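What follows is the residue order along each chain.
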Amino acid sequence: MEDLQIDEYAFAIIASDPEGDELTYFITGQNAYYFNVDENTGNVTVRSEMDRETSKTVTIILEDANDNHPVFNPPSYSVVVPENTSVNTLLFQVSATDADIGLAKTTVYKIDSVVPSSGFDLFSVSETTGQVKLEGQLNSTSKSSFYQIKFNASDKGGMLNGEYVVQSNVAFGSITVIDVPDLDPQFINLPYSVTVNEHTPVGTSVFQVQAIDPDTWVNAKIVYSIQDTNVPDLFMIDENTGDIFVKKIFDREEFLDINAVVTLRVMAQETTINVHGVFANTLTNVEITIGDINDNKPEFYDCTAQPCVPTTVFIGYIDEHSPPGEPVNGLNILAEDSDEGSNSRFTLKLAGPDKDAFTVFPQSVTSNSQVEIQVRNSKDVDYEANKTMIVKIVATDSSNTYWHSTATVTIEINDINDNSPAFQHEINNLEVEEHSSNGYIIATITATDPDTADVDNITYRLLPQNIHKYIDVHPKNGSIHVVNDTLLDREVIPSITATLDATDSDNKLGRTILVITLLDINDMTPYIPRKTYDEYTSEGPKGKVSVTIQATDRDEEGTDNSRIQYNIIDTEFSDNFTIDKDTGLLQNKGPLDREAINISLNGEIRLNVTATDMGVEQKSTDVMVIITVEDINDNAPQFGNKSYVFTVKESEMGAFVGSVFADDADQTMTNNRISFRITDGSFGNFLVITSAAEDGSGYIGNISVDRDVELDYEQGRRSYNLKIEATDMVSTDLADVKVIVLDVNDERPVLPKDLTLHVPENTTGLGEVGKIEAQDPDTNSSLIYELLSMQCHCNGTVGPCDEEWFTLESTGAIIVNEDFVIDYETCDQVKLEVHVVDVFTEKGENHSVAGYVTINIDDINDNAPTFIKSDGVFVALSENTQQGTSVAHVSATDRDSGNNKLIKFEVLSVQFIDTNNDQMQTDKLFSVETTAVQDIYRGDIRCLGSLDVSLRGKYLVTVEAKDTGNLATATHIEIYTIDKSYRVGLRFENSVEYVSSNLAEIIRALSGATGAIVHILEVVAESTKQRATEITLLEAYFIYPNGSALDSNSVERMLQGDLYFGGILGKHGLTYIELGGTEKKDVDPVFLILLSLVAGLVIVLMIMITSLVCTQRSYKRKLKAAKAMSTAAMRTENQTSGVVVPGTNKYTMEGANPVLNMNIDASTDLGFDEEASSDDKMSLNSLDYNMDTNIMDKDDMQMMVIQEEDEDDDYIEPLSAALAQRGKNKMEPMRGTPAPVLNW
């Protein structure tokens, strides 16, 4: 209301900081002078009377800055979804809020990442609503059962600290995918097969099937059942465990029709309904093989009629005296053991009264066999002795003698002729060489028959019938002979087995076995399966041939007839190879040379390798091995002659000079193609063109003069020694070609080029210093020399000479003119333009082209070094300058040249002049180090040790510059000392990177405001708690050319008085000036311990004092505020309404740009610095009386210390409160931060 009185409460500013930092309140703008604001509480009071009729409504708008990032609520999300959730289902919704307004409040959502990354395409989030939807099918089994989504919420940006900023935040969402019962059970460890022995007891577990539910965490119970089987009721299954048990005892032999394999069709079924509404199940086969045990004894069967019937009584008959091996007729006996494998093996033997007369065949049987009773002893089979004979066949199980059977065989004996033909041996082992000639008698084997009627009346025959194509027997004499020598081949049939029968007149039979072994003869030739062996290799050391020739011989293995040895038939190249006679490994002995092979063979080496057996009448086979030796470029071209001599007349362009010839021994065009080039001696005058010789023997290089070149005999090239190179792109050969140029007289005389003479300066009586000697290519010439002009190089410019230092005689002699003195420093070079005339020239120009003679004037050491002008004042040293530190420099030049201008600096003396202008001689505290950049020599002045910190003043250093001729010049320089108290710290609310990149502009602004040289010490980040804006501390010295320096208070005052440069610094974030940091030193651990003890005592003391101080503080602050307001009434003649503000700039004025001190937190200020603060005092160093006059001119005031009004103490008033007292301050805050502090 307009009737509010001054200092009466008007309203309150309410603000908060998201980071929780303490806020400082202030009011700016056109109508800010009507109000005061409490910087700590934000309470606003009336400062000046308001009249509604003359004033308008004051609107206070607090502009928003994008200083808040979106905040998720809740900060994280977690949902559980089934894996069969439909695509496009809304899973959940993320939500974030932003405390800003406008676009800075609008939140946009996106997904930054998904773990695992394969799930990135499965989910989406709406940019505007934050709804999270499913975009793909889930599967907890084949994909993943858990996903973590990183959500990003960002605002649409806004201004913060003068920059457009987009704030963002992240939150995490967890999605757990739970399994649903949607998969059929699965049998594991398939296939299922097991062997179970017959007669296994009922209830025995023989196998277990196992099935699993592939669904995760929703596993249903599985029950098992047998759905089908090829033999019912043999097995049963436990529905819960899947164990298969024997249901009844079974005999394997009952199931031989199914090979004793029982197949069960087993089903595994879930007990609960799945998501499809059915009981999920799966089927598999279990194959059970019934294993055999030895539970059956051998049995006998009569197979006279089918089917065979089991019996133990058999009847047969045989003629008396039947030969041994003759089977008993009328018997068809089968012996069988129905067990399997080894369990079915049994033996047969005879028992009974007549067992010795007969034998049983076979005697060992597996499973089953026909059984014969054969005559063993013909003599015992005698009708007259026994008309009937009885034997018993005993069949005994081989592995269990308990299992046996017996069959009785009654044999009736037939009465016949008593004697049959008889052979001497039952088996006759014979040998005959293969391919014996037809009719060859292998052996004669006869039988005897005691019957008189059968003497010489025995007939022989061989069985079986098919043996007759090989051998036969003479029917009367029993001789065995060869029928077909061709078929009698050991490699086809190694032996022949036949039965030789002998029958008498009564057809009585005698029989013997013939085993005829065919003896091997060397009738097989070694066989090589390949017609040729084709191998490829390169010539030279890298070419390797390794091929194995393989042959076989079908003669008897292990004999000489089949043993093969290999050999190379001698040919032109056979000595280049070796072959292992036993293995057939063919290899080259050494490198092969393609060029050693006739070119017509195209690189082929043909070797004839033989494979020969070692039998009698050796047989052999040969094979061609074709080895193609591929050409490599291993031969260099070769010239036909190593030197050639040709002649050519001068002035004939394109003239043919001559031809060279070269060839290359390589055999392929790729490697033997030659090209010629001139490598040396041509000087661009000749060409060589390559062409192939017509007969193909090599290549020709035709040499000719370049069509654009005209040879000149008089130019000194009367002959050319050319180096012609022949190359095949790998190797080269060189030939020397001498080309003699025939003269035609037509040339002008020629002056020597680049004739240079040296003449020392300041010398007389030299006379002739040089002579020009021109050349005339013609054989008859007379030369006269003439001077055309003379130019001098003086002080970097070239022009006509002021003095004629030299003359030229017609003979070409150059003479020193004694009328003048030669001076290097005046002119260092003279250039004579001359030409020479040939008076005998008959054709063309008679004089030469103008030439130049350069006469360099040699310098002598006649000039002393000269120092480059300097003000003699150098930025001085901090008191802790270390040894070797460069503190100043001098520069000098010498007008002489070369070594004469080399300069070396030396410190001659050092004097110290204190502030009272008293002088004292000191030791050489400084040394000088000489360096050179082009013609300027620099001497860097370095400290030899630490300086005396108690001395105040300057050092007068005398430095001498001396050249190599001991000519010297001295100069004096002044070096001022500065202690570290003048180290100024400037605090910027910006990053180190920003301040460093803008350092040049900051230095210009600081120098412009203070008029001082700004020496940067360091730019570092200030170690503070985390805040929205980074803080950078820049430390520097502010130094004047006279050696004086500014402390932090002086710098602060000058920056406050300069609006232009202050504004630039404010743009870069300068907020505070403080005393520069101290040096960092290593701290002794013992010192830290002692310091900790002292600190503990101090804390106790401070607690006691604090209670006393707090009772006085409130009163003192009110008193200080009253004094500050009374001071505000003071005005100066040259100032607009300004006040003396303790703790800031002393004197403020309209438009000033103060550098702010850090605010003092009243809640923590104990008042200890109120009596001793020096922040309100202007401070100059000990040399302030030398303050740069430029500063005085700029400030239009004397440099003096301005005293404050008398105060009880030096209380530091916050600058914001002081500024609130200023009249019409239009300065706006330039930066917005979560922790508001006034800026430029």
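Remember, predicted model here, so these are calculated numbers, not experimental data. (Residues numbered from 1 in each chain as written. Predicted model: local features only at pLDDT ≥ 70, side-chain atom pairs only at ≥ 80, totals over all residues. Heavy atoms only, no water.)

1. Quick word on the overall build of the protein chain
Counting its secondary structure elements, the protein chain contains eight helices and 81 strands. When contacts within the protein chain are restricted to residue pairs at least 6 apart in sequence, long-range pairs at least 24 apart make up 68% of them. When the accessible surface of the protein chain is split by element, carbon and sulfur atoms take 50% of a total near 66,100 Å². (Helix = DSSP H or I, 4+ residues; strand = E, 2+ residues; numbered from the N terminus. Contact = heavy atoms within 4.5 Å. Areas by Shrake-Rupley, 256 points an atom, 1.4 Å probe, with all protein chains shown as cover.)

2. With respect to the packing of aromatic side chains
Per the stated rule, a full pass over the model turns up 18 aromatic pairs. For the ring pair Phe 92 and Phe 151, a centre distance of 5.9 Å and an interplane angle of 90° mean the geometry is edge-to-face. On the criterion of sequence distance, the pair formed by Phe 92 in strand β6 (residues 90–93) and Phe 151 in strand β11 (residues 146–155) is long-range, its members being 59 residues apart. The exposure class assigned to Phe 151 is buried, which follows from its relative accessible area of 1%. Following the ring pairs from residue to residue traces out a cluster consisting of Tyr 77, Phe 92 and Phe 151. Residue placement shows Lys 831 over the ring face of Tyr 852; its charged tip is 5.9 Å from the ring centre. (Phe/Tyr/Trp six-rings, centres within 6.5 Å; stacked < 30°, edge-to-face > 60°. Buried < 20%, exposed > 50% of the residue type's maximum accessible area, 1.4 Å probe, protein only. Lys NZ or Arg CZ within 6 Å of the ring centre and 35° of its normal.)

3. Notes on the pattern of salt bridges
One pass over the structure, following the stated rule, counts 22 salt bridges. In this structure, Lys 247 engages Asp 233 in a salt bridge whose closest nitrogen and oxygen atoms are separated by 3.3 Å. Placement of the pair is Lys 247 in the loop between β21 (243–246) and β22 (261–273) and Asp 233 in the loop between β19 (222–229) and β20 (235–237), with a sequence separation of 14 residues. According to the relative accessible area criterion, Lys 247 is partly exposed, its value standing at 38%. A single network of salt bridges, built from pairs that share partners, joins Arg 252, Glu 253, Asp 292 and Glu 340. (Salt bridge = Lys/Arg side-chain N within 4 Å of Asp/Glu carboxyl O.)

4. Here we look at the pairing of strand β55 (residues 699–705)
Judged by how many residues are buried, β55 sits mostly within the fold: five of seven residues are covered. Judged from the six bridges that link them, strand β52 (residues 656–663) and β55 form a sheet pairing that is antiparallel. Of the residues in β55, the one forming a bridge with Phe 661 is Ile 700. What sits between the antiparallel neighbours strand β54 (residues 686–692) and β55 is a turn of six residues, in which Gly 696 has the positive phi angle 75°. (Pairing = 2+ DSSP bridges.)

5. Looking at the state of the cysteines
In the structure shown here, the tally under the stated rule is three disulfides. The disulfide bridge from Cys 303 ends at Cys 308, spanning 1.9 Å between sulfur atoms. Judged by the torsion about the S-S bond (115°), the Cys 303/Cys 308 disulfide is right-handed. On the basis of relative accessible area, Cys 303 is assigned to the buried category, the value being 4%. Exposure remark for Cys 308: the relative accessible area of 24% places this residue in the partly exposed category. Between the sulfur atoms of Cys 794 and its disulfide partner Cys 827 the distance amounts to 1.7 Å. As the torsion about the S-S bond is roughly 85°, the Cys 794-Cys 827 disulfide counts as right-handed. With Cys 794 in strand β60 (residues 783–794) and Cys 827 in the loop between β63 (813–816) and β64 (829–838), this pair connects stretches of sequence that are 33 residues apart. Residue Cys 827 is classed as buried on the basis of its relative accessible area, which comes to 7%. The connectivity of the disulfide-linked cysteines in the protein chain, indexed sequentially, is 1-2, 3-5, 4-6. (Disulfide = S-S within 2.5 Å.)

6. Here we look at the nonpolar core
Grouped together as the largest cluster of nonpolar side chains are 27 residues, with contacts concentrated most on Phe 639, Phe 676, Phe 686, Ile 703, Leu 722, Ile 724 and Val 737. Leaving out residues up to four positions away in the same chain, Phe 639 has contacts with Tyr 644, Val 660, Phe 661, Ala 662, Phe 676, Ile 724, Glu 725, Ala 726, Asp 733, Leu 734 and Ala 735. (Core = buried A, V, L, I, M, F, W, Y, C linked by side-chain atoms within 4.5 Å.)

7. What to know about the sheet that holds β21
Overall, antiparallel pairing links the three strands, which are arranged β17-β21-β20 in an open sheet. Whereas interior strands pair on both sides, the edge strands pair on one side only; in this sheet they are β17 (205–208) and β20. Within the sheet, the average angular offset between the axes of one strand and its neighbour, ignoring direction, is 25°. Here β17 runs beside β21; their pairing, made up of three bridges, is antiparallel. If you follow Gln 208 over to β21, its bridge partner there is Asp 243. (Axes fitted to C-alpha atoms, helices over the stretch in contact; angles between N-to-C directions.)

8. Here we look at the side chain of Asn 68
With respect to the element layout, Asn 68 can be found in the loop between β3 (43–46) and β4 (71–72). Among the polar contacts listed, one links the side chain of Asn 68 to the side chain of Asp 100, at a separation of 2.9 Å. (Polar contact = N/O pair within 3.5 Å; in protein donor to acceptor, adjacent residues only side chain to side chain.)

9. Considerations on helix α4 (residues 1048–1056)
A large share of α4 lies buried, amounting to nine of its nine residues. All of the buried residues in α4 are Ser 1048, Asn 1049, Ser 1050, Val 1051, Glu 1052, Arg 1053, Met 1054, Leu 1055 and Gln 1056.

10. Description of the sheet that holds strand β29 (residues 358–361)
Pairing is antiparallel across the open sheet formed by five strands, whose spatial order is β25-β24-β27-β31-β29. In this open sheet, the two edge strands, each paired with only one partner strand, are β25 (309–310) and β29. The pairing of strand β24 (residues 299–302) with β25 spans two bridges and is classified as antiparallel. The residue bridging Tyr 301 from the neighbouring strand is Pro 310, located in β25.

11. Considering the pairing of β52
As paired strands, strand β50 (residues 638–639) and β52 are joined by two bridges and run antiparallel to one another. Among the inter-strand pairings, Gln 638 is bridged to a residue of β52, identified as Asp 663.

12. Focus: a nonpolar patch on the surface
Nonpolar side chains collect at one region of the surface, where Met 159, Tyr 164 and Val 166 lie side by side and expose about 320 Å² of accessible area between them. In this structure, Val 166 sits in the loop between β13 (163–165) and β14 (168–178). The partly exposed category is assigned to Val 166, whose relative accessible area is 45%. (Patch = residues over 30% accessible without salt bridge, like charges linked within 9 Å, V, L, I, M, F, W, Y side chains within 5 Å.)

13. Some points on the environment of Gln 208
Looking at the secondary structure, you find Gln 208 in strand β17. Looking at Gln 208, the relative accessible area reads 36%, which means it is partly exposed. Between the alpha carbons of Gln 208 and Thr 241 there is a distance of 7.5 Å; along the sequence they are 33 residues apart. Here Gln 208 is in contact with Thr 241, Gly 242 and Asp 243, once residues within four sequence places are set aside. Only 2.9 Å separates the side chain of Gln 208 from the backbone oxygen of Thr 241, close enough to count as a polar contact.

14. Comments concerning the packing of helix α3 (residues 999–1010) against helix α5 (residues 1059–1067)
Taken N-terminus to C-terminus, the directions of α3 and α5 make an angle of 150°; their axes are 9 Å apart at the nearest point. By the angle class used here, α3 and α5 are roughly antiparallel. Crossing geometry of α3 relative to α5 is assigned as left-handed. Mapping the contact onto sequence places Glu 1001, Ile 1002, Arg 1004, Ala 1005, Leu 1006, Gly 1008 and Ala 1009 in α3 and Phe 1061, Ile 1064, Leu 1065 and Lys 1067 in α5. Partitioned by chemical class, the residues of the contact of α3 with α5 number seven nonpolar, one polar and three charged. (Parallel < 35°, antiparallel > 145°, perpendicular 65-115°, else oblique. Left-handed = near helix turned anticlockwise from the far one by under 90°. Nonpolar A, V, L, I, M, F, W, Y, C, P; charged D, E, K, R; others polar.)

15. Details of α3
Side chains three or four residues apart in an α-helix point the same way, a direct result of the helix having 3.6 residues per turn. The first and last C-alpha atoms of α3 sit 16 Å apart over twelve residues, in line with the 16 Å expected at 1.5 Å per residue. Along α3, the residues classified as buried are Leu 999, Ile 1002, Ala 1005, Leu 1006, Ala 1009 and Thr 1010. End-on view of α3: buried residues confined to an arc of 125°, all on one side of the axis. Positive phi appears at Gly 1011, one or two residues downstream of α3, with a value of about 70°. (Expected span 1.5 Å × (residues − 1). Arc of directions from axis to C-beta.)

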